[in-house]
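Descriptive analysis of the structure
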Amino acid sequence: MIQLKTMLNCIDNSGAAIVECVNVMKMKRHAKIGDRIIVVVQKQRNFGPESGPGASVSTTAANKVRRGDIRHAVVVRTAKKLQRPDGSVVKFDDNACVLINKAGEPIGTRLNGIVGTELRKMKWSKILSLAPMHL
């Protein structure tokens, strides 16, 4: 259950490490796996070693988002238990999301970690194809 002010891990390589939810789309009270939310980037991820004067330029070029940016995202893991139609119950260790653009395409080109299978019925097949595993 992702709601206002919830902190999420960003599991793609867009440059964001931790984001904060500021709005849940479609006028819902809270978001589940596969729902679209609006987030603010709270912490950036560092790419590569930061030694030498030229390294800082390359790391900022690798980051597609900066701290304070407002972006759309899709929830891919929640810590709240979720019961599936077959009766199984799934609970992840953390809350995680993937940043997307307004058209629904992922900003990053890689995903780290597993995602929920509920993305399949929500038509997020591009995110499922980037993920190494879905549970």
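Above this text is the structure in question.
Note that this is a predicted model, so its numbers are computed, not measured.

1. Remarks on the overall build of the chain
- For the chain, the count of helices and strands is 3 helices and 7 strands.
- Taken from the N to the C terminus, the helices and strands of the chain come in the order β-β-β-α-β-β-β-β-α-α.
- When each of the 135 residues of the chain is scored for burial, the buried share is 44%.
- Long-range pairs, those at least 24 residues apart, make up 55% of the contacts in the chain between residues at least 6 apart in sequence.
- Counting every atom, the chain has about 7,800 Å² of accessible surface; 53% of that belongs to carbon and sulfur.

2. Some points on the sheet that holds strand E2 (residues 16–24)
- Pairing is mixed around the closed barrel formed by 5 strands, whose spatial order is E1-E2-E3-E4-E7. For this sheet, the mean angle separating the axes of adjacent strands, direction not counted, is 55 degrees.
- Pairing of strand E4 (residues 70–77) with strand E7 (residues 96–100) involves 5 bridges; the strand directions are antiparallel. Note that in E7 the partner of Ala73 across the bridge is Leu99.

3. Overview of the pattern of salt bridges
- Enumeration over the complete set of coordinates arrives at 5 salt bridges.
- Linking Asp35 and Lys28 is a salt bridge whose minimum nitrogen-to-oxygen distance equals 3.3 Å.
- Judged by its relative accessible area of 44%, Lys28 is partly exposed.

Reading the values: the criteria
Residues numbered from 1 in each chain as written. Predicted model: local features only at pLDDT ≥ 70, side-chain atom pairs only at ≥ 80, totals over all residues. Heavy atoms only, no water. Helix = DSSP H or I, 4+ residues; strand = E, 2+ residues; numbered from the N terminus. Buried < 20%, exposed > 50% of the residue type's maximum accessible area, 1.4 Å probe, protein only. Contact = heavy atoms within 4.5 Å. Areas by Shrake-Rupley, 256 points an atom, 1.4 Å probe, with all protein chains shown as cover. Pairing = 2+ DSSP bridges. Axes fitted to C-alpha atoms, helices over the stretch in contact; angles between N-to-C directions. Salt bridge = Lys/Arg side-chain N within 4 Å of Asp/Glu carboxyl O.

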